[in-house]
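Structural characterization, general
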Amino acid sequence: CLLAHACLRFSDAQRTDRLSLGASSIYGYCWRSKKRRIGFPFAALRSGYSKAPWANTLVDLVNSLTSESVVPDFVFPQFGMDLERPLLRPASYACAVGLFRRALCLQPLALGESSAGQLTLHACRRLLPTLGSQLLMSIESRRVMGHWAPNSSEPVRYDSSRCVSELAFKAQVAEKVSL
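As the structure is a prediction and not an experimental result, all values here were calculated from the model.

**Remarks on helix α6 (residues 122-134)**
Taking 1.5 Å as the rise per residue, α6 with 13 residues should run 18 Å; its terminal C-alpha atoms sit 19 Å apart, in good agreement. Where α6 bends most, the angle comes to about 35 degrees, and this point is Leu128, followed within four residues by the proline Pro129. Of all the positions in α6, only Cys124, Arg125, Leu128, Pro129, Gly132 and Ser133 are classed as buried. Where α6 terminates, the next one or two residues include Leu136, which has phi positive at roughly 60 degrees.

Structure below.
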């Protein structure tokens, strides 16, 4: 949920500290990202699309790893073989994708293994900017959501890869001229 709601790459989330809950938001600070040497703050809605309190569960998990002498600088821990006990080390991308796919097979989604096996964590980063395109939000709004630099071509690149705005405009025309 954090990756989709905060428009983060997995590696950005793994380089996060200072995760905290506000009244309706979760806040964090990514101390290094793929394209930036300096950190950046991020925020996400605390309950997201389903209104389920996912952020509370995530913060509780991170806090369970924290002690007086240890404060993790990552969000997703590696799990033991029993998948019950988080370990005090960051999860690898491969481990996180495996857990993500396994979760997709559980209720309420209950995807089949072959369908879940086609999904990765990269799509999470693109979700909100793509939805913003479909809702015909401005490029600037999508740039802000995606944590992209001023005048970045990323919002246009993400849009053109799936012709999202084109289809949204065509849907508007079809709706207005349909019988």
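**Focus on the sheet that holds strand β1 (residues 16-21)**
Within the open sheet, the three strands sit side by side as β1-β2-β3. Their pairing is antiparallel. Where the open sheet ends on each side, the last strands, each with one partner, are β1 and β3 (40-45). Across this sheet, the average inter-strand angle for adjacent strands is 20 degrees, counted without regard to direction. Packed onto the sheet, helix α3 (residues 54-65) meets β1, β2 (25-30) and β3 and runs at close to 130 degrees relative to β1.

**Focus on the packing of α6 against helix α9 (residues 164-177)**
Close contact between α6 and α9 brings their axes to 8 Å; oriented N to C, the two are set at 30 degrees. Of the possible angle classes, the one that applies to α6 and α9 is roughly parallel. Our pair here, α6 against α9, has a crossing hand that is right-handed. Two secondary-structure elements touch here, α6 through Thr130, Ser133 and Gln134 and α9 through Val164, Ser165 and Ala168.

Definitions and cut-offs
- Residues numbered from 1 in each chain as written.
- Predicted model: local features only at pLDDT ≥ 70, side-chain atom pairs only at ≥ 80, totals over all residues.
- Heavy atoms only, no water.
- Helix = DSSP H or I, 4+ residues; strand = E, 2+ residues; numbered from the N terminus.
- Expected span 1.5 Å × (residues − 1).
- Bend = angle between axes of the 7 residues up to and from the residue.
- Buried < 20%, exposed > 50% of the residue type's maximum accessible area, 1.4 Å probe, protein only.
- Pairing = 2+ DSSP bridges.
- Axes fitted to C-alpha atoms, helices over the stretch in contact; angles between N-to-C directions.
- Contact = heavy atoms within 4.5 Å.
- Parallel < 35°, antiparallel > 145°, perpendicular 65-115°, else oblique.
- Left-handed = near helix turned anticlockwise from the far one by under 90°.

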